[in-house]
Amino acid sequence: MTETKEKKVERSEQEWREQLTPEQYRILREHGTERPFTGPYWDNVQPGLYRCAGCNTPLFYSDTKFDAGCGWPSYFEPVKPDAVKEYRDTSHGMVRTEIRCATCDGHLGHVFPDGPKPTGLRYCINGYSMVFEPAE
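The text that follows walks through the structure, step by step, so that each part is easy to find. Keep in mind that what you see is a predicted model, and the values were worked out from it rather than measured. (Residues numbered from 1 in each chain as written. Predicted model: local features only at pLDDT ≥ 70, side-chain atom pairs only at ≥ 80, totals over all residues. Heavy atoms only, no water.)

Within the protein chain, the regular secondary structure consists of two helices and nine strands. Seen in sequence order, the protein chain has helices and strands lined up from the N terminus as α-α-β-β-β-β-β-β-β-β-β. For the protein chain, the spread of C-alpha atoms along the principal axes amounts to about 45 × 40 × 30 Å. When the 136 residues of the protein chain are sorted by exposure, 43% land in the buried category. (Helix = DSSP H or I, 4+ residues; strand = E, 2+ residues; numbered from the N terminus. Buried < 20%, exposed > 50% of the residue type's maximum accessible area, 1.4 Å probe, protein only.)

Below is the structure:
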C-alpha cells in the first residue's frame, strides 16, 4: 500500500495576489487577522466543509464547529491531523500556536487548549482564510 500525500502548492507572491482577494492575501500570506465578529463564517451554522481559500484543501467539517464566543469560527479538530501544521508564534508579546494549511502554508489562525470534548482544543480560524462548501 502506498501513502498518498497532498502535493505542496507553491506560487509567487504575484500569483497569490492575483488569485486571492486583498483580505485573503493579508491573512493567508501576511499572517494577518480579521477583527472579531466581522469575517465570514463566525456565525455560520450550515452543514458543510470548510476549505483553504488558498488551495482548496479540506480543513474542517461543520460538525466540529462550535460557538466559542470569540468572534472567529472555532473547531475542535481538523478534517485530518495532517491537514494543518503547527508553529510556535511569539508575536504580540504572547506565546501561541499558529495554524497553517499544510498544503499551501497559508496562515489560518491559532489553536488553544480550551476547547470542548472530545479534543479539548479550539482551532480559532480566520474566516477569510477559508471558503465554505455547503453539504448537498
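Past the structure itself, the notes keep going.
If you look at the biggest cluster of nonpolar residues, it comprises 22 residues, and the most contacted ones within it are Phe-60, Leu-108 and Tyr-123. Elements represented by at least two residues in this core include exactly helix H2 (22-28), strand E1 (48-52), strand E2 (58-61), strand E6 (96-101), strand E7 (107-112), strand E8 (122-125) and strand E9 (130-134). Sequence-distant contacts of Phe-60, defined by excluding residues within four places in its chain, comprise Gly-48, Leu-49, Tyr-50, Tyr-75, Glu-77, Pro-78, Val-79, Tyr-123, Ile-125 and Met-130. (Core = buried A, V, L, I, M, F, W, Y, C linked by side-chain atoms within 4.5 Å. Contact = heavy atoms within 4.5 Å.)

The next thing to look at is the packing of aromatic side chains. Counted according to the given criterion, the structure contains seven aromatic pairs. Summarising the aromatic geometry, the rings of Tyr-41 and Tyr-50 are spaced 5.6 Å apart at their centres and angled 80° between planes, so their arrangement reads as edge-to-face. Note on Tyr-50: relative accessible area 0%, which makes it buried. Plain terms: the ring middles of Tyr-50 and Phe-132 are 4.7 Å apart, the flat faces sit at 45° to each other, and that makes the pair tilted. One end of the pair, Tyr-50, is in strand E1; the other, Phe-132, is in strand E9, with 82 residues separating them in the sequence. Just as Tyr-50 is buried, Phe-132 falls in that class too. (Phe/Tyr/Trp six-rings, centres within 6.5 Å; stacked < 30°, edge-to-face > 60°.)

Time to look at the sheet that holds strand E5 (residues 84-89). Ordered in space as E3-E4-E8-E7-E6-E5, the six strands form an open sheet in which the pairing is antiparallel. Taken across any chain shown, the strands that pair with only one partner, and hence form the sheet edges, are strand E3 (65-66) and E5. Judged from the four bridges that link them, E6 and E7 form a sheet pairing that is antiparallel. Each residue of the ladder has a partner; that of Thr-97, found in E7, is Val-111. (Pairing = 2+ DSSP bridges.)

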